[in-house]
Amino acid sequence: MPNNFCMTIKSIILFVAGLLIAGGTYAQLKLGSLFTDNMVLQQQTQAPVWGWDKPGSAVSVTTSWNHKRYKAVAAPSGKWMVKVATPVYGGPYSISIKDDTTIKLDNVMIGEVWLCGGQSNMEMPMKGFKSQALVGSLQAIMQSKNNNIRLYTVPRSSKTELQENSKASDWHVASPQFVANFSATGYYFGRMLSQLLDGVPIGLINDSYSGSSIEAWMDPEVLRGFREIPIPAVTDAIKQVSRTPTTLYNGMLYPVIGYGIKGCIWYQGESNYDRPDQYLKLFPAMVKRWRDLWGQGDFPFYYVQIAPYDYAQLPPYNSGGKYNSAYLRDAQRKALAFIPNSGMAVLMDIGEQATIHPQHKEAAGTRLAYL
């Protein structure tokens, strides 16, 4: 065989290997972004733990609470997964993940995990938005130190193609530093649960994006049943990062699906206020699809009915008829009949005509916790 041909083949191999190593793809043991120190796993379940490695690599996962070792082999795609048996709540524990190297996760708790989804009223942090403060939040932030409340925020990501993993983030123990920047609705919900479920660690996953429409959180398969909603191609530009169908599902929800949860709380609907009849069909379809993908049955799904606000103040300044947000609230009320094991928190008494972000987020979070 000619030397120059051999050199060409060798160069190609080295080039491809270099790309794999540079991109981190299958080059070494890696965990899904959700798996970090301080995390909470759902109690008394077979909790999935996953990551990536070189295809064919043997991976073992050892849990300190039972000293049991779980084994997996990385698939051709590089992904591996094990399901670890979790006990009744407690901790802290550790988890060791090994191939030729070792990753150790410390300060892991076993408790109740809730997904917190939606748009800006879920995303709004305890410290408030610029020029939009929250009533009572400063005192709540300063008194927030609690080892039994753990917080995780999925970074914003709008994509036309499914993402196997979300952007890097970390679980944090509740303290003023981290609570200030966490979802206020989610935090107040978790705080009430922590008070009521004395001693049970609470894990909160904030998976929200301001201004998002419900169809942005839905996958192409379910949206094909709604012919009026255009599904973007992988090569399409994203003109509205939080309102383009499927894009937040692809970038922020899909990488989280499967993580063991107790249930979900949801605060969204403002960006669909002008399409109440369609929302009544989209909302139950989304919840059903999420539950199917999680494979945990009809886990609890509790949501907030959007608060009163005069949407005629916003472009394109539509008013009258079904542009009145009361129609969207009515669609949310009716959705209870189509979503099993659901509940709705009403905020009619704390809405504000002049701002779309009510200042009384404690009411939203605690009313969800009452459910």
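Think of each chain on its own: its residues are numbered from 1, step by step along the sequence as written. Per-residue local features are limited, in this predicted model, to residues with pLDDT of at least 70; the limit for side-chain atom pairs, both in listing and counting, is 80 or more; totals at the level of whole chains, interfaces and linings are taken over all residues. Calculated side-chain values reflect all of the structure's heavy atoms, with hydrogen atoms and water omitted.

### As for the overall build of the chain
Defined as follows: Only runs of H or I of at least four residues qualify as helices and only runs of E of at least two qualify as strands under DSSP, and these elements are numbered from the N terminus. Here the radius of gyration uses the C-alpha set of atoms, whereas the globule reference equals 2.2 Å times the residue count to the power 0.38. Burial classification: accessible surface area is computed with a 1.4 Å probe over protein chains only, and a residue below 20% of its type maximum counts as buried, one above 50% as exposed, and the rest as partly exposed. Note on definitions: a residue-residue contact is assigned when non-hydrogen atoms from the two residues lie within 4.5 Å. Accessibility throughout is a Shrake-Rupley quantity obtained with a 1.4 Å probe, and a residue counts as covered only by protein chains that appear here. Charge assignment in this entry is limited to Lys and Arg as positive and Asp and Glu as negative, and neither His nor the chain termini are counted. Think of each charge as sitting on NZ of Lys, CZ of Arg, CG of Asp or CD of Glu.
If you tally the helices and strands in the chain, you get 10 helices and 14 strands. Compactness check: the chain gives a C-alpha radius of gyration of 22 Å against a globular reference of 21 Å for 371 residues, within 12% of the reference. Taken over the C-alpha atoms alone, the chain extends approximately 80 × 50 × 40 Å along its principal axes. For the chain, the residues scored as buried account for 53% of the 371 residues in total. Restricting to contacts in the chain with at least 6 residues of sequence separation, those with at least 24 account for 75%. Carbon and sulfur atoms make up 54% of the accessible area of the chain, which amounts to about 16,900 Å² in all. Side-chain charges of the chain comprise 34 positive and 27 negative groups, with the mean position of each set lying 3 Å from the other.

### Thoughts on the sheet that holds strand β6 (residues 79-85)
Where we set the bar: By definition, two strands form a pair when at least two bridges between them are found by DSSP.
Taken in spatial order, the 3 strands of this open sheet run β1-β3-β6, and their pairing is antiparallel. Of all strands in the sheet, those bounded by a partner on one side alone are β1 (30-31) and β6. Where β1 meets strand β3 (residues 46-52), 2 bridges bridge the pair, whose relative direction is antiparallel. Bridged to leucine 31 within β3 is glycine 51.

### Looking at helix α10 (residues 361-370)
Counting buried positions along α10 yields 7 of 10 residues, so the element is predominantly enclosed. Burial in α10 covers these residues: Lys361, Ala363, Ala364, Gly365, Thr366, Leu368 and Ala369. Where α10 is buried, its residues meet α2 (120-123), α5 (184-196), β12 (263-267), β13 (301-304) and β14 (342-345).

### What to know about the packing of α5 against α10
Relative orientation and spacing of two packed helices are given, respectively, by the angle between their axes and the distance between those axes. Test applied: Axis angles are defined between N-to-C directions and span 0 to 180 degrees, where every axis is a line fitted to C-alpha atoms and, for a helix, only to the segment in contact. Note on terminology: angles under 35 degrees are roughly parallel, angles over 145 are roughly antiparallel, angles of 65 to 115 are roughly perpendicular, and the others are oblique. Throughout, a crossing is termed right-handed when the near helix is turned clockwise from the far one, and left-handed when it is turned anticlockwise from it by less than a right angle. Basically, the charged four are Asp, Glu, Lys and Arg, the nonpolar ten are Ala, Val, Leu, Ile, Met, Phe, Trp, Tyr, Cys and Pro, and anything else, Gly included, counts as polar.
Packing of α5 against α10 brings their axes to within 7 Å, and their N-to-C directions diverge by 45°. Here α5 lies oblique to α10, going by the angle between them. Like other packed secondary-structure pairs, α5 and α10 cross with a definite hand, here right-handed. In contact with Ala184, Thr185, Tyr188, Phe189, Arg191, Met192 and Leu193 of α5, α10 contributes Lys361, Glu362, Ala364, Gly365, Thr366, Leu368, Ala369 and Tyr370. A breakdown of the residues in the contact of α5 with α10 according to their chemical character gives 9 nonpolar, 3 polar and 3 charged.

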